[in-house]
Amino acid sequence: MCGIVGYLGSEHDPKDVILAGLEKLEYRGYDSAGMAVFNGNQIERIRAQGKLIYLKNKVQDKKFTGPAGIGHTRWATHGKPSESNAHPHQAGVIHLVHNGIIENDDHIRKQLKAEGVTLTSDTDSELVAHLINRAYAVHKDLFLAVKSVLPSLKGAFSIVVICQDNPQELVAFKDGPPLIIGIGQGETFIVSDVAASLQYTDKYIYLDDREIVKVTPQGVKIFSQAGIELRKEINQISWSADVVEKRGFSHFMLKEIHEQAQSVAQALEPHLNEQRTGITLAHQLDGLHFLNHNNQPEIVFEKALNDIDRVIIVACGTSYYAGLVGQYMIEKFSKTPCSVEVASEFRYRDPVVSKNTLFISISQSGETADTLAAIRLAKSKGVKTLSICNVKNSTIDREADIHLYMNCGPEIGVASTKAFTSTLTVLSVFCIEFSKAKKQLDLKSEQQWVEGLLALPSQIEVVLAYDKYFSDASDALKKYHGFLFMGRGVMYPIALEGALKMKELTYLHAEGYPAGEMKHGPLALIDEDMAVVMLAPRDELYEKTVSNLQEVKARGAKIISLGSGDDENLKSLSDRYLAIPKVSSWVDPILAVIPLQLMAFHLAQSLGYDVDQPRNLAKSVTVE
Ligand code: M6R
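Residues numbered from 1 in each chain as written. Predicted model: local features only at pLDDT ≥ 70, side-chain atom pairs only at ≥ 80, totals over all residues. Heavy atoms only, no water.

It is worth spelling out helix 1 (residues 14-25) at this point. Given a rise of 1.5 Å per residue, 12 residues ought to cover 16 Å, and the 16 Å separating the end C-alpha atoms of helix 1 matches this to within 8%. Counted residue by residue, helix 1 has 10 buried out of 12 residues, so it is predominantly covered. Where helix 1 is concerned, the buried positions are Pro14, Lys15, Val17, Ile18, Leu19, Ala20, Gly21, Leu22, Lys24 and Leu25. Buried residues along helix 1 sit in contact with strand 1 (3-9), strand 2 (32-39), helix 2 (52-59), strand 4 (68-74) and strand 10 (187-191). The distance from a side-chain oxygen at the start of helix 1 to the backbone nitrogen of Lys15 is 2.8 Å, and the residue carrying that oxygen is Asp13. (Helix = DSSP H or I, 4+ residues; strand = E, 2+ residues; numbered from the N terminus. Expected span 1.5 Å × (residues − 1). Buried < 20%, exposed > 50% of the residue type's maximum accessible area, 1.4 Å probe, protein only. Contact = heavy atoms within 4.5 Å. Polar contact = N/O pair within 3.5 Å; in protein donor to acceptor, adjacent residues only side chain to side chain.)

Here we come to the pairing of strand 8 (residues 166-175). Among the 10 residues that make up strand 8, eight are buried, leaving the element largely enclosed by the rest of the structure. Bridge count between strand 7 (residues 155-163) and strand 8: six bridges; the pairing is antiparallel. Note on strand 8: the bridge partner recorded for Val161 is Val171. The hairpin turn running from strand 7 into strand 8, its antiparallel successor, is two residues long. Where strand 8 lies against strand 12 (residues 211-216), five bridges are found, and the strand directions are antiparallel. By the bridge assignment, Leu170 is partnered in strand 12 with Val215. (Pairing = 2+ DSSP bridges.)

Time to look at the packing of helix 14 (residues 443-463) against helix 19 (residues 588-607). Running from N to C, helix 14 and helix 19 cross one another at 30°; their axes reach a closest spacing of 10 Å. Judged by the inter-axis angle, helix 14 sits roughly parallel to helix 19. Once helix 14 is placed against helix 19, the crossing between them reads as right-handed. Counting all contacts with helix 14, which are made through Leu456, Gln459, Ile460 and Val463, the residues of helix 19 involved are Ile590, Leu591, Ile594, Pro595 and Leu598. Of the residues that constitute the contact of helix 14 with helix 19, the class distribution is eight nonpolar, one polar and no charged. (Axes fitted to C-alpha atoms, helices over the stretch in contact; angles between N-to-C directions. Parallel < 35°, antiparallel > 145°, perpendicular 65-115°, else oblique. Left-handed = near helix turned anticlockwise from the far one by under 90°. Nonpolar A, V, L, I, M, F, W, Y, C, P; charged D, E, K, R; others polar.)

What describes a pair of aromatic rings is the distance from one ring centre to the other and the angle between the planes of the rings. Taken as a whole and assessed by the stated rule, the structure comprises 16 aromatic pairs. Seen from their ring centres, Phe333 and Trp449 are 4.6 Å apart, and the 40° between their planes marks the pair as tilted. Separated by 116 residues along the polypeptide, Phe333 in helix 9 (residues 317-334) and Trp449 in helix 14 bring together distant segments of the chain. Residue Phe333 shares its accessibility class with Trp449, and that shared class is buried. Where Phe430 meets Phe434, the ring centres are 5.4 Å apart and the plane angle is 20°; that geometry is what we call stacked. Separated by four residues within a single helix, Phe430 and Phe434 lie in helix 13 (residues 418-437), roughly one turn from each other. On the basis of relative accessibility, which here comes to 0%, the residue Phe430 falls in the buried class. The structure contains a cluster of three or more aromatic residues connected by ring pairs, namely Tyr7, Phe189 and Tyr200. Over the ring of Tyr30 we find Lys51, and its NZ or CZ is 5.0 Å from the ring centre. Above the plane of the ring of Tyr507 lies Arg615, whose end atom (NZ or CZ) is 3.9 Å from the centre. (Phe/Tyr/Trp six-rings, centres within 6.5 Å; stacked < 30°, edge-to-face > 60°. Lys NZ or Arg CZ within 6 Å of the ring centre and 35° of its normal.)

Of the residues in the protein, 97% have a pLDDT of 70 or more, and the chain-wide mean is 92. Segment residues 283-289: pLDDT under 50, and 27 contacts once partners within four positions in sequence are set aside and those in other chains are kept. (pLDDT = per-residue confidence, 0-100.)

Here the focus is the sheet that holds strand 25 (residues 530-535). Sheet architecture is open: five strands sit in the order 24-23-25-26-27, paired in parallel fashion. Whereas interior strands pair on both sides, the edge strands pair on one side only; in this sheet they are strand 24 (509-514) and strand 27 (576-580). Strand-to-strand twist in this sheet, taken as the mean axis angle between neighbours without regard to direction, amounts to 15°. Judged from the six bridges that link them, strand 23 (residues 482-487) and strand 24 form a sheet pairing that is parallel. Across the sheet, residue Met486 finds its bridge partner in strand 24, namely Tyr513. Across the sheet, helix 16 (residues 491-506) lies against strand 23, strand 24 and strand 25, angled at about 175° from strand 24, the strand it touches most.

This next bit is on the nonpolar core. Judged by nonpolar contacts, the single largest core of 91 residues is most densely connected at Phe430, Phe485 and Ile494. Beyond its immediate stretch of four places on either side in the chain, Phe485 contacts Ala495, Gly498, Ala499, Met502, Ala510, Glu511, Gly512, Tyr513, Val533, Leu596 and Met599. (Core = buried A, V, L, I, M, F, W, Y, C linked by side-chain atoms within 4.5 Å.)

Take the site of the ligand next. In the vicinity of the ligand there are 15 residues, among which Ser319, Ser363, Ser365, Thr368 and Glu504 approach most closely. Within the side chain of Ser363, an N or O atom sits 2.6 Å from an oxygen atom of the ligand. At a separation of 2.7 Å, an oxygen atom of the ligand approaches a polar side-chain atom of Ser365. Contact with the protein chains hides 90% of the accessible area of the ligand, taken as 410 Å² for the molecule alone. Listing elements by their share of the shell around the ligand, those giving two or more residues are helix 9 and helix 16. Among the residues making up the shell around the ligand, the classes are represented as five nonpolar, eight polar and two charged. (Near = heavy atom within 4 Å. Areas by Shrake-Rupley, 256 points an atom, 1.4 Å probe, with all protein chains shown as cover.)

What follows is the structure in structure tokens.
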């Protein structure tokens, strides 16, 4: 949730590196920001409540010599957003930034207070700074001080620490939220996301849980919590720095909506066979492999898939809704039972899984705490796990047995857009391969489906024309006090996703419903201030959806309908009609969600809200 940047080096001004890094990490949390940087032999700490701009204003005339510094952008967990709760936290000679949660904070707080320690914030983070400061008084060594404190901390957390006594050292620890070491020429970065330092280096070491890092001008040393030095692989990242820029768009979200023609193609490309008429998942780069005991890919994929007799998909938020679309596809085509569950529920049940179950986790960030806990639970039950992630080498990606990638490039807008459509593409590709392995999909049907997927980029370009439409229509949409999104079959998860986009961006009440459920309660909500968004493409449930539409129309709702091509029937029943190209119903969801993304974006814009950083949210939810 929070964003961390640590820097040690003489190549750049630490203030500039930290501010540039925090700007890229602001999507992770934006209720306060701060930095602590060496200036001569003194650490100066500057913090500000609110967005990063307030910190920038405070430090704009300051110069720091470095070489070490740490910075943080916060998403509040313990203690309200305020300057005193902003990071870095200081205790004696120690300055610390922290991401995650210390679960035994009550106990530590009582202990410190009993010892007469004065606390200046409500955070769990400050407590850790005090513990390290106390340990440092004994060890006189920052690394040993941090290491000695770790056994007394419970929770999932990452920290980066500097000490007033040594401007040439950073110490960091990860157990949960991501920390990545960027290796530059004569400089080192410790960041929550590679986006924060891509402009300086493309070489990264991914820390695993319970690893401690000591950074000095002599280099980076990584140890296990027991103190054993580890050899870690340096990964070269192929993303260039400009993929995390807005490239002329007003907002990251708008840029990401517009990237979908390309990102859907990128998601599909690695899995196309040579003739581009079918799917070959197994031997593609970044494709689907089972790893044997020597960590080598084994070509047993088709057999392994054939043995699977149940699929469980687990995810949160938008990724969960993508999973629901996957369920419709997988059951329909592979004839294999598939259930989908929200990760925060799955992890606390005692789910029954058999050894032939395939567990699929979906996570754009690959760091969502509940999804990670769910995959760990599944693994503990001996089940094969497959992850669909966007961020390669993220924790969930690394923990899964089998890896598929959304391939959509960094998604910065807090509201997920292109990751959703890329996930639907990857789920389609998986479903094709799985259904073939189950001998349920013939060559002709596979070819037709692949043709549909290949045609998507040009059809997405057509649907993106709704950008202008909603830019003009958004003022009129402001008068509705709520939105009900409805659909049937595979359009039901799209209704849920449309409602989620609407609520997280516009703060208006919005709900997604299966259209057939209306009579069982929600019809009571209908009046002329309620807008009903009815998703009714020409699929096998079209007639039924239209009769549901008539029911809400009869009760006075304002109707925005979405259908296939020039549907005169829908047009005549609706106040506004949105057309998506007529295609096979299995690519409909990818096209149908795009106007809903644009509607939420423009309505939020016209209401004057911050679209890229909606209130109370953060992009990567690394705490429960
Ligand atoms: O990174 P993940 O896909 O695991 O994130 C899951 C949700 O937190 C995320 O999709 C969230 O619902 C988005 N803000 C929705 O736009």
